[in-house]
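Inside the fold
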Amino acid sequence: VRQVPFQADRWFTETFRAKQPTQLRRVVRTFLATDSRAHAEASRAMGWLDARELLPAVSAPTLVLTGVEDYATPPEMGHYLADHVQNGKAVILPALRHLSLIEQPDLADAVREHLQGESEAALAAIAAIAARRTVCTCGGTSSPATEEVA
C-alpha cells in the first residue's frame, strides 16, 4: 500500500489521475491484488534481464510505443529497441507515462491494426491521435529519419 502513490505517479500523468479517478482506482486494485512477492520477483527479473544481443534476430515488424514522461521505460529505450530490431518503428507519445494504453485508450486500435499487419493504418491512427497531442515517430533501422506525425 505504501508504494501506491509512487506507482500511480509512474503509471499516469497528474492530469489523468485527477480526471480519471475511477480508472486509477481500477489499476490500483489490480496492483494491490497482485502477490507482492511475485511482483518483487518479476521486478528483479526485469532489472537483471539484458537481451540486447537477441534484438537483431527479431524480424517481425515492431512498433515501440513509449510515453515521453515514462521514466521506467524512457523514450531512449524505445528508440534503442526500434533501432536494433530488423523492422522497428519507435513512436514517442507526449504527455503520457508508463500505462499509455490506459491513459490514451484509442492507441489500442493502432496496436491492434499493427498486430494485424496493417502498419500504415496503425500509423494513421496515431496521426489521428496527434490531432489532440503532438506525437513524434522515429524510425528504426529501416527508416532512421525523425518525423512529426500530424
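Residues numbered from 1 in each chain as written. Predicted model: local features only at pLDDT ≥ 70, side-chain atom pairs only at ≥ 80, totals over all residues. Heavy atoms only, no water.

1. A word on the overall build of the protein
Spelled out, the test is: Numbering goes from the N terminus for both helices and strands, where a helix is a DSSP run of H or I of at least four residues and a strand is a run of E of at least two. Buried means the residue's accessible area, taken with a 1.4 Å probe over protein chains only, is under 20% of the maximum for its type, while exposed means over 50%, and partly exposed covers the values in between. Note on contacts: a residue pair qualifies if any of its non-hydrogen atoms lie within 4.5 Å across the two residues. All accessibility values rest on the Shrake-Rupley procedure with a 1.4 Å probe; residue burial counts only the protein chains present in the view.
Scanning the protein from terminus to terminus reveals 8 helices and 4 strands. Written out in order from the N terminus, the α and β elements of the protein read α-α-α-α-β-α-β-α-α-α-β-β. Taken over 150 residues, the protein has a buried fraction of 33%. When contacts within the protein are restricted to residue pairs at least 6 apart in sequence, long-range pairs at least 24 apart make up 65% of them. Split by element, the accessible area of the protein, about 9,200 Å² in all, is 59% carbon and sulfur.

2. Re the layout of surface pockets
A probe as big as a water molecule, rolled over the atoms, marks out the empty space that is left. Our working rule: Cavity means a closed set of points on a 1 Å grid over the protein atoms alone, one where a 1.4 Å probe fits but cannot get out, pocket means an open set with protein on both sides within 12 Å along at least 5 of 7 lines, and lining means a residue has an atom within 4 Å of a point. Grid points are joined across faces, edges and corners, and a volume is the space filled by probe spheres set on the points.
Roughly 730 Å³ of internal volume is contained in the largest pocket. Lining the largest pocket are 22 residues, with Met46, Gly47, Ala72, Thr73 and Met77 sitting closest to its centre. Those elements giving two or more residues to the lining of the largest pocket turn out to be helix H1 (4-11), helix H4 (36-48) and helix H5 (75-84). At 5 residues, H4 tops the list of elements feeding residues into the lining of the largest pocket. Counted as a void, the second largest pocket has a volume near 390 Å³. Along the walls of the second largest pocket sit 22 residues, with Leu63, Val64, Leu65, Thr66 and Leu81 positioned nearest its centre. Elements represented by at least two residues in the lining of the second largest pocket include exactly strand E1 (62-67), H5, helix H6 (100-103) and helix H7 (107-115).

3. What to know about the pattern of salt bridges
Stated formally: Here, a salt bridge means any side-chain nitrogen of Lys or Arg that lies within 4 Å of a carboxyl oxygen of Asp or Glu.
All chains considered together, the criterion is met by 7 salt bridges. For Asp35, the salt bridge identified is with Arg37, shortest N-O distance 3.1 Å. Classification of Arg37 as exposed rests on a relative accessible area of 63%. Each of the salt bridges in this network shares a partner with another, and the network as a whole consists of Asp9, Arg17, Glu69 and Arg97.

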